[in-house]
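# Results of the structural survey
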Protein chains: 2
Amino acid sequence: MAVTRRQFLQRVGVAGGAGVMYGTMGALGFAPAGAAAATPAFTPPKASDFTLTGRSRKKVVVLGAGIAGLTTAYELGKAGYDITVLEARHRPGGRNWTVRGGTKETELDGRTQRSTFAEGQYMNAGPARLPQHHVTMDYCRELGVPLEVFTNSNAQAWIYDSVSGTKVRWREAKADTYGYVSELLAKATDKGALDAELTGEDQERLIAFLRSFGAIGDAASGYAYTGSGRRGYTTDPGAGLQDGEYAAPPSVADVLARGAGRYFSFEMGWDQAMLMFQPVGGMDRIAYAFEAAVEARSTIRYGAEVQSVMNTQDGVEVTYVDGATTRTVTADFCVCAVPPHIAARFRTNLPPGVQESLAYAVPASTGKIGLQYGRRWWEEDEDLYGGITNTDLDVSTIWYPSYGYNGRRGTVVGYYNFGANADAYAALPHRGRLQKALAQGRKVHGPVYGKDIESTFSVAWSKIRYSEGGWVGWPDQTGREYRRLLRPSGNVYFAGDHLSHYIAWQAGAILSARDVVTHLHTRVMGAPA
Amino acid sequence: MAVTRRQFLQRVGVAGGAGVMYGTMGALGFAPAGAAAATPAFTPPKASDFTLTGRSRKKVVVLGAGIAGLTTAYELGKAGYDITVLEARHRPGGRNWTVRGGTKETELDGRTQRSTFAEGQYMNAGPARLPQHHVTMDYCRELGVPLEVFTNSNAQAWIYDSVSGTKVRWREAKADTYGYVSELLAKATDKGALDAELTGEDQERLIAFLRSFGAIGDAASGYAYTGSGRRGYTTDPGAGLQDGEYAAPPSVADVLARGAGRYFSFEMGWDQAMLMFQPVGGMDRIAYAFEAAVEARSTIRYGAEVQSVMNTQDGVEVTYVDGATTRTVTADFCVCAVPPHIAARFRTNLPPGVQESLAYAVPASTGKIGLQYGRRWWEEDEDLYGGITNTDLDVSTIWYPSYGYNGRRGTVVGYYNFGANADAYAALPHRGRLQKALAQGRKVHGPVYGKDIESTFSVAWSKIRYSEGGWVGWPDQTGREYRRLLRPSGNVYFAGDHLSHYIAWQAGAILSARDVVTHLHTRVMGAPA
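Residues numbered from 1 in each chain as written. Chains lettered and ligands numbered in written order. Predicted model: local features only at pLDDT ≥ 70, side-chain atom pairs only at ≥ 80, totals over all residues. Heavy atoms only, no water.

## Examining the confidence of the model for chain A
Short version of the rule: Residue-level confidence of the predictor, termed pLDDT, takes values from 0 up to 100. When checking whether two residues touch, look at their non-hydrogen atoms; a contact exists if any pair is within 4.5 Å.
Across chain A, the average pLDDT comes to 93, with 92% of residues at or above 70. Taken as a whole, residues 11-38 of chain A scores under 50 in pLDDT and shows 76 contacts with residues more than four places along the chain or in a different chain.

Here it is in structure tokens:
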């Protein structure tokens, strides 16, 4: 029997509390949603569709050069549509944004940061990882964007617990948790507690699995877990007679109380399981590759702040401000690919329900800080090459760079946090965020965390103009408010990751754009020639 | 209480049978061994050691330019020793060997292969992966060898079962196994089967963990595992209203019978847990970086087949054949860094016990085949970017490349197998190996596995001259046969991964070489000036 993501998330969410729900949602790709319906594979419109039918090519104005807008422009442009993209920023990508040396950003409170990251150093302020099965990988292939592994999990990374003020490597946490889980289940099986569930043969197979999975002792030992080299060694294996020695694990009660296992499901998630990937040189390589492909056929107008979107008798009229000048674009269609809560502020003659739908989306707060160090101490001192440390501190996670291994310098993401934690950092000026992040990071890594810092840059998405949030959530992703945006309002279409079940993923933006492209082109071709 | 690797392996090995024992050994780094003894950190000898003491620099002849020989030459060379390295092959690295276009090898049966791999394509015939904590990483830093992630595990890779003739993704196998393990343990706990082991609070914590870890239902549902999106979707999440749908899992009996869980412990191993790394461009980048560093100060003589190693009154005398010419090198010391079963054939005046010790090592059979495809079908058709598929076929594993993602072509390792499986492939000429490997690979991947093949190359390590095995095992790594090689025999030292507890790893070769360097230099500096 097939089960939908929403059913599953509801099931897990009820008893697990907010923490588990959040973790599980993260692991699965965020938003619970409505009933599934298989959609046909995307067939890009072709230029020959026009030439063979004698139809004139239609003009489309696309609002926003984020991934949804760029995909729309790219796919329609290939088919010969006359495309104009209006983008308020002076770069493509939207939330796909890589901070480098020279990046300048003024947050909504008027505070400006200028990045002095060194050549080759960067922080992906927005999306930073690509699962193998996302359509984004196909666009990287098509657009020639080189990829490398994004280090989403690492056995050498840490799990920090502020209650005990201690950290363990992921490998140790897993070894101990799996060890005790195996011991307990083997014991229970041996006692006959599962005779109703499992045949004798099943029980033998289960115990054989648990012996290997948990590295536990045999029946005579009571299937005891007493540690293994999987935890890591107190004396590493070495030359000559140096066998490895490992410490005995904490008690099962201590391991359960510490609760490091709460983090384990993350890396089993559909969208988070390794292997994950990233473009070589920064996530914005995707945005710039799209830009080049779009500009080969179409126009992107940067610095164009949309003011109004109007359906007209036979098309659309969009006004925008370019510096001090107000300009107008007319087209047959408009594809609005800006965040819904931003689009909700445009003047329009769209029905009031559309405005309500746009405003129905709830922006999510999130933030990151990039810390460029002059020494890769996490590699040199901790044998930690990439990956993510989990903490119960307000920084949430600390990311080690997935590029430039063994190099002279490197850029750590000192926090990637959400909700109230992100709000707390967002409220501070950059210096305050930095001090707070360093104080927390020192708890995990010690004094080294505050040394050799060369350059820093922080992003509070709730205060980033034209985005005002990292992504949006829907109070309900099945009802009429959401559904209303899935169909055109006159000649105006809506696209974006917010209109998908991959919210906060570029794949969601691409799939939503493809839906719009398919719908719009079908409509155009269905009209009399 | 500290436990040694040997104690642990004995514990796991006894009841688990050969399969589990092998898997566990692999996960831990191969050879069980003797009692651990902490060794001091390596302090490289310094040139000033000689200049400040007025001692004359000593002459050392190093046999073998594998990683142990190169490390010896590099560390002693930096300190000012007069080093000559004799290497039978015409390249550095020994078993650290990267097959590229132009590589030519004649196996011991006289059959020759010439690689026609395309520019940029390669297969690491020997070592292919570096754990973060191995000393090899430090040498990559010191020698300037760029690193990238080696994709040792991948949720998108397959587990193939020949009994049922089916394959599942690793993500699906894990989701189902962890799901049922969680359900069973939660049920048993709920029944009170673990009341003697766990307090009520512990039980609550355990069940909270299992709900998240296994994605199982609540108490009312009997903690039922009914699948989750972690398995993968039958209909992926998508745009608009397309929530994901996943299929119901097989029964617990089917999951246990299939036994995919037998592979899970591999990626928890001390030496195999992700993240793993590789040099950009091939593992031999390490060997060539060592070569450049050694040749800056010392001499490497390639094509030098050692014939005899003799202790003399005040040093050593080594003869070797260079083509048709027999030559002699005299030196103060010799470091023999060739595989023990090869060194056992040298003429020597060493005590008979040393010869016995060298011959005590048991070479292990292993092999690989590289399949260069003109299309990266594993990426394009299967969303599989890197990683390793496990099978119960004689190919054992299939590796997808960790470089060149989304490129025009790629080189798959069609088998990396051991023991009897490796022997069976080794017995065949290359064409026979290829046919066999393709027939097996087709079972996993279907007809695509036999298409678009541009170039192939196979290596049977048991038949590779100067190696005659992938590595060695010791019947006992604590007794006098092994111990005898840890101390010099007169002026002759022995080094190599076989004299470490990282057998088959370059780190073992490096650590053994460092031990020898330390011992030799201490001896030299202890002698009257």
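## Quick notes on the interface of chain B and chain A
Formally: The term buried area means the drop in 1.4 Å probe accessible area that two parts suffer when joined, counted for both and summed. Any carboxyl oxygen of Asp or Glu within 4 Å of a side-chain nitrogen of Lys or Arg constitutes a salt bridge here. Within 3.5 Å is the distance limit for a polar contact, defined as a pair of N or O atoms, with the added protein rule that one can donate a hydrogen and the other accept it, and that residues adjacent in sequence qualify only through two side-chain atoms. Helix and strand assignments follow DSSP, with helices taken as H or I runs no shorter than four residues and strands as E runs no shorter than two, numbered in order from the N terminus. Classes in brief: Ala, Val, Leu, Ile, Met, Phe, Trp, Tyr, Cys and Pro nonpolar; Asp, Glu, Lys and Arg charged; the others, Gly included, polar.
Every contact between the two is made by 111 residues of chain B and, on the other side, 110 residues of chain A. Roughly 9,900 Å² of surface becomes buried between chain B and chain A when both sides are summed, with 61% attributable to carbon and sulfur atoms. Three residues, B:Leu241, B:Asp243 and B:Trp270, lead the burial of chain B against chain A; their summed loss comes to 7% of the area buried on that side. Between A:Glu197 and B:Lys191 there is a salt bridge; the shortest N-O distance is 3.1 Å. Joining chain B to chain A, the criterion identifies 30 residue pairs in polar contact (both at pLDDT 80 or more). The biggest single contributor to the side of chain B that touches chain A is helix α1 (residues 5-28) of chain B, with 9 residues. For the side of chain B that touches chain A, a count of residues per class yields 56 nonpolar, 32 polar and 23 charged.

## A look at the UniProt feature "domain: Amine oxidase" (unreviewed entry) in chain A
Heads up, the condition is: UniProt positions are given in the numbering used here, feature names are shortened, and annotations may be inferred rather than shown by experiment.
Cross-referencing UniProt, the feature "domain: Amine oxidase" (unreviewed entry) maps to residues 67-518 of chain A in the present numbering. As a span, residues 67-518 of chain A carries 30% helix and 25% strand, and end to end its C-alpha atoms are 17 Å apart.

## Topic: the environment of A:Arg111
All names here are of chain A. Rule in force here: Burial here depends on accessible area, computed with a 1.4 Å probe over protein chains only, as a share of the maximum for the residue type. Under 20% is buried, over 50% is exposed, and the range in between is partly exposed.
The topology assignment puts Arg 111 in the loop between β5 (104-106) and β6 (112-114). You can call Arg 111 partly exposed: its relative accessible area is 41%. In this structure the C-alpha to C-alpha distance between Arg 111 and His 430, which are 319 residues apart in sequence, comes to 8.5 Å. One polar contact links Arg 111 to Asp 109, side chain to side chain, over a distance of 2.9 Å.

## Examining the sheet that holds strand β8 (residues 130-131) of chain A
Definition in use: DSSP calls a pair of strands paired once it identifies at least 2 bridges connecting them.
Read from one edge of the open sheet, 3 strands run β8-β13-β9 (chain A), paired in antiparallel fashion. Because the sheet does not close on itself, it has two edges, and the strands there are β8 and β9 (147-150) of chain A.

## Considerations on the relation of the copies chain B and chain A
Threshold: All copies are superposed by least squares; the fitting set is the C-alpha atoms of residues with a pLDDT of at least 70 in both.
Mapping chain B onto chain A calls for a rotation angle of 180° and an axial translation of 0.0 Å; the resulting RMSD is 0.0 Å. Here the transformation between the copies is reduced to the relation of a two-fold axis. Residue by residue, 99% of the interface of chain B is reproduced at the interface of chain A, so both copies engage with the same surface.

## With respect to the pairing of strand β17 (residues 325-331) of chain A
Residue and element names in this part refer to chain A. Strand direction decides the pairing type here: strand β16 (residues 315-322) and β17, joined by 7 bridges, are antiparallel. Residue pairing in the sheet places Val 316 in a bridge with Ala 331 of β17. Between β16 and β17, which follow one another and run antiparallel, lie 2 residues, and Gly 323 among them has a positive phi close to 65°.

## Regarding the domain arrangement of chain A
Convention followed: Per the annotation, domain bounds derive from an automatic or database assignment of domains.
Parsing chain A into structural domains produces domain 1 (60-89 + 302-360 + 472-526), domain 2 (98-152 + 274-281 + 366-463) and domain 3 (169-268). For domain 1 of chain A and domain 3 of chain A, the distance between their C-alpha centres works out to 53 Å.

## Things to note about the side chain of B:Lys174
Note on placement: B:Lys174 falls in helix α5 (residues 170-190). Contacts of B:Lys174, omitting those with residues within four sequence positions, involve B:Gly179, B:Phe264 and B:Glu267.

## Let's talk about the side chain of B:Gln203
All names here are of chain B. Locating Gln 203 in the fold gives a position in helix α6 (residues 200-214). The exposure class of Gln 203 is buried, given its relative accessible area of 13%. Excluding residues that lie within four positions of it along the chain, Gln 203 makes contacts with Thr 189, Leu 194, Asp 195 and Leu 198.

## Some points on the sheet that holds strand β18 (residues 333-336) of chain B
All names here are of chain B. Convention followed: The axes are straight lines fitted to the C-alpha atoms, using for helices just the contacting stretch, and the angles between their N-to-C directions are given from 0 to 180°.
In space, the 5 strands of this open sheet follow the order β14-β3-β2-β18-β27, with parallel pairing throughout. Each edge of the open sheet carries a strand with a single partner, namely β14 (299-302) and β27 (492-494). Pairwise comparison of adjacent strand axes, ignoring direction, gives a mean angle of 20° for this sheet. Pairing analysis gives 4 bridges linking strand β3 (residues 82-87) to β14, with the strands arranged parallel.

## Here we look at unusual backbone geometry
Keep in mind that most residues, glycine aside, have a negative phi and that most peptide bonds are trans. Residues and elements named next belong to chain A. Look at the link from Met 274 to Leu 275: it is a cis peptide, with omega at 10°. Phi at Ser 396 takes a positive value of approximately 65°, unusual for a residue other than glycine. Residue class for Ser 396 comes out buried when judged on its relative accessible area of 18%. Positive phi is not limited to glycine here, since Asn 406 has a value of about 65°. Turning to its location among the elements, Asn 406 is positioned in the loop between β23 (397-400) and β24 (410-418). Judged by its relative accessible area of 13%, Asn 406 falls in the buried class.

## Remarks on the packing of helix α5 (residues 170-190) of chain A against helix α6 (residues 200-214) of chain A
All names here are of chain A. Stated precisely, the cut-off is as follows: Here roughly perpendicular refers to angles of 65 to 115 degrees, roughly parallel to angles under 35, roughly antiparallel to angles over 145, and oblique to all remaining angles. Here a crossing is taken to be left-handed if its near helix is turned anticlockwise relative to the far helix by less than a right angle, and right-handed if that turn runs clockwise.
For the pair α5 and α6, the least separation of the axes is 9 Å and the interaxial angle reads 160°. One way to sum up the angle between α5 and α6 is to call them roughly antiparallel. The two elements α5 and α6 cross, and the hand of that crossing is left-handed. Across the interface between the two elements, Tyr 178, Gly 179, Ser 182, Leu 185, Ala 186 and Thr 189 of α5 pack against Gln 203, Leu 206, Ile 207, Leu 210, Phe 213 and Gly 214 of α6. A breakdown of the residues in the contact of α5 with α6 according to their chemical character gives 7 nonpolar, 5 polar and no charged.

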